[in-house]
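So you can see what is in the structure, the chains are spelled out below.
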Amino acid sequence: MPLNPSPHGSVRSSVELNERIRGLWLRASGRLSAEQRREYEQLVTEWAQAVRAEMVKAA
């Protein structure tokens, strides 16, 4: 599965990013703080990029 670089230089797959997004929502009990909202937005953006990269590679 293609991997996507995170802002910290590591590489994460869409699967890992999805797990992080789900975990964030679980920890927040469905209500994100401003800081959590920023993290969520970054994770979703990174997840979308990873999914696109995976679709391109599959094609």
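Structure's up top.
This one's a predicted model, so the numbers in the text were calculated from it and none came from an experiment.

## Remarks on the packing of aromatic side chains
The full count for this structure, using the stated rule, is one aromatic pair. Centroid distance Trp25 to Tyr40: 5.4 Å. Interplanar angle 80 degrees. Geometry classified as edge-to-face. Residue Trp25 is located in helix H1 (residues 14–28), and its partner Tyr40 is located in helix H2 (residues 34–58); the two are separated by 15 residues in the primary sequence.

## Observations concerning the side chain of Arg12
Of note, Arg12 is situated in strand S2 (residues 11–12). A distance of 2.8 Å separates polar atoms of two side chains, one belonging to Arg12 and the other to Glu46.

## Some thoughts on H2
With 25 residues, H2 ought to run about 36 Å at 1.5 Å a step, and its terminal C-alpha atoms sit 36 Å apart, in line with that. Taken together, the buried positions of H2 are occupied by Leu43, Glu46, Ala50 and Glu54.

## Here's the deal with H1
Relative to the 21 Å expected for 15 residues at 1.5 Å per residue, H1 spans 21 Å between its end C-alpha atoms, a close match to the ideal helical length. Those residues of H1 lying buried are Ser14, Leu17, Ile21, Gly23, Leu24 and Ala28. Looking at the residues trailing H1, positive phi occurs at Ser29, about 55 degrees.

## Section: the pattern of salt bridges
As enumerated under the stated definition, the model contains two salt bridges in all. Note that Glu46 and Arg12 form a salt bridge whose closest N and O atoms lie 2.8 Å from each other. Separated by 34 residues along the polypeptide, Glu46 in helix H2 and Arg12 in strand S2 bring together distant segments of the chain. Each of the two residues, Glu46 as well as Arg12, counts as buried. The partner of Arg20 in a salt bridge is Glu16, and the shortest N-O contact between them spans 3.1 Å. Residue Arg20 and its partner Glu16 are both found in helix H1; the two are separated by four residues, about one turn of the helix. Overall, the relative accessible area of 40% leaves Arg20 in the partly exposed class.

What counts as what
Residues numbered from 1 in each chain as written. Predicted model: local features only at pLDDT ≥ 70, side-chain atom pairs only at ≥ 80, totals over all residues. Heavy atoms only, no water. Phe/Tyr/Trp six-rings, centres within 6.5 Å; stacked < 30°, edge-to-face > 60°. Helix = DSSP H or I, 4+ residues; strand = E, 2+ residues; numbered from the N terminus. Polar contact = N/O pair within 3.5 Å; in protein donor to acceptor, adjacent residues only side chain to side chain. Expected span 1.5 Å × (residues − 1). Buried < 20%, exposed > 50% of the residue type's maximum accessible area, 1.4 Å probe, protein only. Salt bridge = Lys/Arg side-chain N within 4 Å of Asp/Glu carboxyl O.

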